[in-house]
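Below are the chains, spelled out letter by letter.
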Amino acid sequence: MSTAPPAHGTDRWARRLLRVGLVGAAACTVVVASANVVVATRAGDHVTRELGAVEPAQVAIVPGSFVHPDGSLGRVVGERVASAVALHEAGTVDKVLVSGDNGTPAYNEPDAMRDAVLAAGVPAEDVFVDYAGFSTWHTMRRAHDVFGVESAVVVTQDTYVVRAVDLGTAAGIEVQGYVAGDAGRHVREALARVRGLGEATWRPRVTGGPTIPIDGDGRTSWSATGPDGA
């Protein structure tokens, strides 16, 4: 008849597993905290909430976010678009580049964003569209590599802005961050900054494409006509 292992042996293994788990948790905490400190330190001085404090730049870059099935903008991306339009109206930027997910025919962030910018009165030739902005890194790297952006204001919420600025700098852009509103979800963003620091360090390649100069006519970047038939 089999017998159970001695209780003290089981307790010893349990203590070992607990120590390993605690060490692993502590290591993960250090990595996350360190990444957040690095990103915030490198980018924090290039962020503002004041429209008048933003220095002139070639373009306002608007990262994508959720849009409704009817093409209307979700709250987050709606705030970003409104802030980018304000920068253009103030003459702070010459162009607006909207960049988002169009990975499937049924979901199209960029065209919904473009249509909202046009509806706000920005001239069609000043509105550029990037259909392969699958992440903030893709957006910033493609802004530099595909659109030839040298200076930009990235427009996003307070939670995300330092990571966006840090990635834009890593992509080779002289970039400022303009806060479009409050977002929350700080825990999720803390983890995203770990990945962002890796992208800023290793600079992985992204989807390429033909060059579309940001100082040209934005309509050359569109895959479909705008609401005015342009």
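In this report, we go over the structure that sits alongside the text. (Residues numbered from 1 in each chain as written. Predicted model: local features only at pLDDT ≥ 70, side-chain atom pairs only at ≥ 80, totals over all residues. Heavy atoms only, no water.)

Before going further, it helps to examine a positive patch on the surface. Positive charge collects at one region of the surface, where Arg12, Arg15, Arg16 and Arg19 lie side by side. Along the chain, the position of Arg15 falls in helix H1 (residues 7-43). (Patch = residues over 30% accessible without salt bridge, like charges linked within 9 Å, V, L, I, M, F, W, Y side chains within 5 Å. Areas by Shrake-Rupley, 256 points an atom, 1.4 Å probe, with all protein chains shown as cover. Salt bridge = Lys/Arg side-chain N within 4 Å of Asp/Glu carboxyl O. Lys, Arg positive; Asp, Glu negative; His and termini not counted. Charge placed at Lys NZ, Arg CZ, Asp CG, Glu CD. Helix = DSSP H or I, 4+ residues; strand = E, 2+ residues; numbered from the N terminus.)

This part is about the pattern of salt bridges. What the rule picks out here adds up to 14 salt bridges. Among the ionic pairs, Arg114 bridges to Asp115, the shortest N-O distance being 2.9 Å. For Arg114, a relative accessible area of 2% corresponds to the buried category. Of the charged contacts in the structure, one is a salt bridge between Arg195 and Glu199, with a shortest N-O distance of 3.8 Å. Within this pair, Arg195 and its partner Glu199 are both found in helix H6 (residues 186-202), separated by four residues, close to a single helical turn. Given the relative accessible area of 13%, Glu199 is considered buried. Each of Arg49, Asp158 and Asp182 takes part in a single network of salt bridges with overlapping partners. (Buried < 20%, exposed > 50% of the residue type's maximum accessible area, 1.4 Å probe, protein only.)

On to helix H2 (residues 75-89). Over its 15 residues, H2 extends 21 Å from the first C-alpha to the last, a length consistent with the 21 Å expected when each residue adds 1.5 Å. For H2, the complete set of buried residues consists of Val76, Val77, Arg80, Val81, Ser83, Ala84, Val85, Leu87 and His88. Where H2 is buried, its residues contact strand E2 (57-63), strand E3 (93-99), helix H3 (109-119), strand E5 (151-156) and strand E6 (174-179). Once H2 finishes, Gly91 follows within two positions and takes phi at roughly 80°, a positive value. (Expected span 1.5 Å × (residues − 1). Contact = heavy atoms within 4.5 Å.)

This paragraph deals with the environment of Tyr131. Structurally, Tyr131 can be placed in the loop between strand E4 (127-130) and helix H4 (136-145). With a relative accessible area of 15%, Tyr131 lands in the buried category. With 30 residues separating them in the primary sequence, Tyr131 and Asp101 have C-alpha atoms 6.2 Å apart. Looking at Tyr131, its side chain comes within polar contact range of the side chain of Asp111, at 2.6 Å. Polar contacts involving the side chain of Tyr131 include one to the main-chain amide nitrogen of Ser223, which spans 2.9 Å. (Polar contact = N/O pair within 3.5 Å; in protein donor to acceptor, adjacent residues only side chain to side chain.)

Turning next to the pairing of E3. In terms of burial, E3 is largely enclosed, as six of its seven residues are buried. Inspection of the sheet shows E2 paired to E3 by six bridges, in the parallel sense. Paired with Pro63 across the strands is Ser99, a residue of E3. Crossover E2 to E3 through H2 is right-handed. Strand direction decides the pairing type here: E3 and E4, joined by four bridges, are parallel. Looking at E4, one finds that Val96 is bridged to Val127. (Pairing = 2+ DSSP bridges. Right-handed = clockwise from strand over helix to strand, strands pointing away.)

Under the counting rule described, the total for this entry stands at one aromatic pair. Against the face of Trp222 rests Arg114, its NZ or CZ located 4.8 Å from the ring centre. (Phe/Tyr/Trp six-rings, centres within 6.5 Å; stacked < 30°, edge-to-face > 60°. Lys NZ or Arg CZ within 6 Å of the ring centre and 35° of its normal.)

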